[in-house]
Amino acid sequence: EWRDPARAATPFQTGAFLGSWYETLGHEPDVKPAIVEVRAADGRAAALWPLVCYRNHKQKLWEVGFADGELTDNCVPLTGEGFAHDPNAFAALWRATMMALPPADVLRFAKSPQEIGGSPNPMTSLSGAFADPLSRHIVDMPGTFEEYSASRTTKFSKEQRRVWRVFTRNEGAAFEIQTDPSRALMLFAQFETLQEARMREIGVNYRLGAPAYREFSRRLIERGVADGSVVFGALTAGDELVGGLIGLTNGRDVAFVRICFAPGKWTASSPGRLVLEKTIEALHARGFRSVDLSVGDFPYKYDFGVRLEPLSGLLLPLSLRGRPTWARHAVRQRLKKSAWVRALRDRWAARGKKAEIPNSAG
């Protein structure tokens, strides 16, 4: 019943994604699956919460949160006919959810979108909700792809056409959306190598190289390419991967989650930006009119004309041991909203800038 793609509010709630997640990261030490199903009084499916109970070693607490592990950009439940978007009607569903949770100290949700299936997300109205520091980066393409391309800067559009010409001069150079799981896995092995090398080059801790993360990714690629819930765009030269982009889809929305590009001679064709544009163009041809470039705030995304959509979080105490964590968080959130604190921070920032101005008398 819950594998119906229509119930997946975002691309991160598909059967391929959640099944792969619970089979791998869900079996990590100190992680306990806590999937909660809620039905309305008349028996209709209301919500399926893909949750886990996990050990926060830093704070020495047990927390309940979404199946995430820093892999999920949009954390919401799967929804059914009995799901209530109105905050007042949602209250009963939320009480049933809370009563079904396993013993823990804190409930911590992050990266919840403002809408679920085109309607307001009632979780944003709960006591304990707060503004998440991360945002979605959405590219809208309401008209033709040519109209979208024309909406970007002339310089950027000309550069994209140039690098495509440079790339296609290479023998066997092509762009393709992977539909064969076997070829997708072969290319993904190169994808991982390229991405890991790049992360080490810029000094980033590559967590995706850990065994559980690798196995999750491979299962997701194999299943998702087969059932269409994974979009794998690839710039290739024969069997060599030059640029790769992986996205998730529930059939209505698309979210890009990983990108890689080959170094050396291929940098002249800007394969990272190129594979992103070609994948967006292919998705537009399939009928998609917006794509999510994920939560990372990187300058290159603005070249593609993104708009930001804020995300929300939720923190609630579930035990006496969890109340200090909740109290500290609540105080920080109030201070962030304080006009007096903002004015004081701006004043100190202005003083710091003055101190940095060199003495012009020399």
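My aim in this report is to walk through the structure given alongside it, one point at a time. What you see is a predicted model, and the numbers here were worked out from it, not measured in a lab. (Residues numbered from 1 in each chain as written. Predicted model: local features only at pLDDT ≥ 70, side-chain atom pairs only at ≥ 80, totals over all residues. Heavy atoms only, no water.)

As a further point, take the environment of Ser294. Position of Ser294 among the secondary structure elements: in the loop between β15 (290-292) and α8 (299-302). Considering only alpha carbons, one finds Ser294 and Ile138, 156 residues apart in sequence, at a separation of 8.0 Å. Once you skip the residues sitting within four places of it in the chain, Ser294 turns out to touch Asp73, Ser135, Arg136, His137, Phe256 and Lys301. At 2.7 Å, the side chain of Ser294 and the side chain of Asp73 are in polar contact. (Helix = DSSP H or I, 4+ residues; strand = E, 2+ residues; numbered from the N terminus. Contact = heavy atoms within 4.5 Å. Polar contact = N/O pair within 3.5 Å; in protein donor to acceptor, adjacent residues only side chain to side chain.)

This brings us to the side chain of Gln160. With respect to the secondary-structure elements, Gln160 resides in helix α4 (residues 154-168). At 3.2 Å, the side chain of Gln160 and the side chain of Arg273 are in polar contact. Aside from chain neighbours lying at most four places away, what touches Gln160 is Arg273, Leu274, Glu277 and Phe304.

Before going further, it helps to examine the packing of aromatic side chains. Inspection of every chain in the model, using the stated rule, returns 17 aromatic pairs. Between Phe17 and Phe216, the aromatic rings sit 5.4 Å apart at their centres with planes inclined by 85 degrees, giving edge-to-face as the arrangement. Within this pair, whereas Phe17 is found in helix α1 (residues 15-24), its partner Phe216 is found in helix α6 (residues 211-227), the two being separated by 199 residues in sequence. By the burial criterion, Phe17 is buried, and Phe216 matches it. A centroid spacing of 5.6 Å and a plane angle of 70 degrees characterise the contact between Trp21 and Tyr22, whose relative ring orientation is edge-to-face. In this structure, Trp21 and Tyr22 share a single accessibility class: buried. (Phe/Tyr/Trp six-rings, centres within 6.5 Å; stacked < 30°, edge-to-face > 60°. Buried < 20%, exposed > 50% of the residue type's maximum accessible area, 1.4 Å probe, protein only.)

Okay, the pattern of salt bridges next. Throughout the structure, instances matching the rule amount to 27 salt bridges. Across the pair Glu81 and Arg7 runs a salt bridge whose closest N-O atoms are separated by 3.3 Å. Of this pair, Glu81 sits in the loop between β6 (78-79) and α2 (87-100) while Arg7 sits in the segment before α1; the two residues are 74 residues apart in sequence, bridging distant segments of the chain. For Glu37, the salt bridge is made with Arg39, and the minimal N-O distance between the two is 3.2 Å. According to the relative accessible area criterion, Glu37 is partly exposed, its value standing at 42%. (Salt bridge = Lys/Arg side-chain N within 4 Å of Asp/Glu carboxyl O.)

Okay, the nonpolar core next. Core analysis: the largest hydrophobic core is formed by 64 residues, its most contacted members being Phe17, Trp21, Phe256 and Val291. Val36, Ala84, Trp94 and Ile116 belong to the second-largest nonpolar core, a separate cluster that totals 27 residues. (Core = buried A, V, L, I, M, F, W, Y, C linked by side-chain atoms within 4.5 Å.)

So, about a positive patch on the surface. Together, Lys158, Arg161, Arg165 and Arg169 make up a region of like positive charge exposed at the surface. On the secondary structure map, Arg169 appears in the loop between α4 and β11 (173-177). On the basis of relative accessible area, Arg169 is assigned to the exposed category, the value being 65%. (Patch = residues over 30% accessible without salt bridge, like charges linked within 9 Å, V, L, I, M, F, W, Y side chains within 5 Å. Areas by Shrake-Rupley, 256 points an atom, 1.4 Å probe, with all protein chains shown as cover. Lys, Arg positive; Asp, Glu negative; His and termini not counted. Charge placed at Lys NZ, Arg CZ, Asp CG, Glu CD.)

The next thing to look at is the sheet that holds β6. The sheet built from three strands is open, its strands ordered β2-β3-β6 with antiparallel pairing. Since the sheet does not close on itself, it has two edges, and those belong to β2 (36-39) and β6, each with one partner. Pairing analysis gives four bridges linking β2 to strand β3 (residues 45-49), with the strands arranged antiparallel. Paired with Val36 across the two strands is Trp49, which belongs to β3. Helix-sheet contacts for α2 involve β2 and β3, and the interaxial angle to β3 is about 45 degrees. (Pairing = 2+ DSSP bridges. Axes fitted to C-alpha atoms, helices over the stretch in contact; angles between N-to-C directions.)

The next thing to look at is the packing of helix α5 (residues 181-201) against α6. As a packed pair, α5 and α6 sit with axes 10 Å apart at the nearest point and diverge in direction by 145 degrees. Here α5 runs over α6; the crossing is right-handed. From α5, Pro181, Ala184, Leu185, Phe188, Glu192 and Glu196 reach across to α6, where they touch Arg214, Ser217, Arg218, Ile221, Glu222, Val225 and Ala226. In the contact of α5 with α6, the residues fall into seven nonpolar, one polar and five charged. (Left-handed = near helix turned anticlockwise from the far one by under 90°. Nonpolar A, V, L, I, M, F, W, Y, C, P; charged D, E, K, R; others polar.)

Turning our attention to the pairing of strand β4 (residues 51-56). Here three bridges tie strand β1 (residues 31-33) to β4, and the two strands are oriented antiparallel to one another. The residue bridging Lys32 from the neighbouring strand is Cys53, located in β4. Sheet topology note: the β4/strand β5 (residues 61-66) ladder contains six bridges and is antiparallel. From the neighbouring strand, Leu51 faces β5, where its bridge partner is Phe66. Here β4 folds back onto β5, and the loop between the two strands holds four residues, one of which, Lys60, carries a positive phi near 55 degrees.

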